[in-house]
Amino acid sequence: MSFDEEWSQVRSETAAMRLNSVPAEGGGGGGGGGASDYKVTSADLKAIGNEAQELFHWFERDAFHAGAQTDTAAKGLDGDGFLTGSAMWTMWDTWRGQAEALLSACAHIHNHLEDTVISHTNHEEVLVTNFSMSEIDKHFK
């Protein structure tokens, strides 16, 4: 029996398994109970990671372009005795902190999902080459 045949057999035998051993009946959906028909492929993970990377690049390009203008406006308002200048700086600092947090999250999501796809691919290769029942059986005959 080839590895592909064995792997197909194992997958079909485990197709009825559910996360946390929750049976198929009883509804699905959110919350803590119910069935889980959740399936994610490497292509799905890669697509999500790519979207996170695209958002990162787009947001990195556009999020901070107002910094120089904010600086000029805040200094001008402060110089004219308006308290609005310091308020603009407070707003800009808040925006910059939130933007940097979003950029960090996008980078983290992209890198984690890319690593997950690579790790899964490498793990599958190890299984294919090292974990064939017929290969193991030949050592016990």
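The shown structure was predicted, so the numbers you read here are calculated from the model rather than taken from an experiment.

Broken down by element type, the chain carries 5 helices and 0 strands. Secondary structure of the chain in N-to-C order comes out as α-α-α-α-α. Looking at the chain as a whole, 16% of its 141 residues are labelled buried. In the structure as shown, the chain presents an accessible area of about 10,500 Å², 58% of it carried by carbon and sulfur atoms.

Attention now moves to the pattern of salt bridges. Applying the stated rule across the entire model yields 3 salt bridges. Between lysine 75 and aspartate 71 there is a salt bridge whose closest N-O contact spans 3.4 Å. With lysine 75 and aspartate 71 both in helix α3 (residues 67–79), this residue pair falls 4 residues apart, about one helical turn. Arginine 96 serves as the salt-bridge partner of aspartate 93, at 2.7 Å between the closest nitrogen and oxygen. In this pair, aspartate 93 and arginine 96 both sit in helix α4 (residues 84–130), 3 residues apart, roughly one turn of the helix. Judged by relative accessible area, arginine 96 falls into the partly exposed class, the value being 30%.

Angle between the axes and distance between the axes: these two values describe a pair of packed helices. Running from N to C, α3 and α4 cross one another at 155 degrees; their axes reach a closest spacing of 7 Å. Taken together, the axes of α3 and α4 lie roughly antiparallel to each other. Taking contact as the criterion, the partners of Gly67, Thr70, Asp71, Ala73, Ala74, Leu77 and Asp78 in α3 are, on α4, Thr84, Gly85, Ser86, Met88, Trp89 and Trp92. Taken together, the residues of the contact of α3 with α4 sort by class into 6 nonpolar, 5 polar and 2 charged.

Low-confidence regions, as indicated by low pLDDT, have predicted coordinates that should not be scrutinised in detail. When pLDDT is averaged along the chain, the result is 78, and 77% of the positions lie at 70 or above. This model gives residues 22–35 a pLDDT under 50, and the stretch forms 12 contacts once residues within four places in sequence are excluded.

The next thing to look at is the side chain of threonine 70. Within the secondary structure, threonine 70 is located in helix α3. Residues within four places of threonine 70 in sequence aside, it is in contact with Met88 and Trp92.

Taken together, Leu55, Trp58 and Leu102 make up a surface patch of nonpolar side chains, about 260 Å² in accessible area. Looking at where leucine 102 falls in the secondary structure, it is placed in helix α4. Since its relative accessible area comes to 34%, leucine 102 is described here as partly exposed.

Our next topic: the nonpolar core. Counting 6 residues, the largest nonpolar core is built from Phe56, Phe59, Ala63, Ala99, Leu103 and Cys106. If you list the elements that add at least two residues to this core, you get α2 (42–62) and α4. Not counting residues up to four positions away in its chain, the partners in contact with alanine 99 are Phe59, Ala63 and Phe64.

Take the packing of aromatic side chains next. Counted according to the given criterion, the structure contains 2 aromatic pairs. Measuring from ring centre to ring centre gives 6.0 Å for tryptophan 58 and phenylalanine 59, while their planes differ by 35 degrees; the resulting arrangement is tilted. Tryptophan 58 gets classed as partly exposed once you look at its relative accessible area, which sits at 44%. A relative accessible area of 11% places phenylalanine 59 in the buried class.

Rules behind the numbers
Residues numbered from 1 in each chain as written. Predicted model: local features only at pLDDT ≥ 70, side-chain atom pairs only at ≥ 80, totals over all residues. Heavy atoms only, no water. Helix = DSSP H or I, 4+ residues; strand = E, 2+ residues; numbered from the N terminus. Buried < 20%, exposed > 50% of the residue type's maximum accessible area, 1.4 Å probe, protein only. Areas by Shrake-Rupley, 256 points an atom, 1.4 Å probe, with all protein chains shown as cover. Salt bridge = Lys/Arg side-chain N within 4 Å of Asp/Glu carboxyl O. Axes fitted to C-alpha atoms, helices over the stretch in contact; angles between N-to-C directions. Parallel < 35°, antiparallel > 145°, perpendicular 65-115°, else oblique. Contact = heavy atoms within 4.5 Å. Nonpolar A, V, L, I, M, F, W, Y, C, P; charged D, E, K, R; others polar. pLDDT = per-residue confidence, 0-100. Patch = residues over 30% accessible without salt bridge, like charges linked within 9 Å, V, L, I, M, F, W, Y side chains within 5 Å. Core = buried A, V, L, I, M, F, W, Y, C linked by side-chain atoms within 4.5 Å. Phe/Tyr/Trp six-rings, centres within 6.5 Å; stacked < 30°, edge-to-face > 60°.

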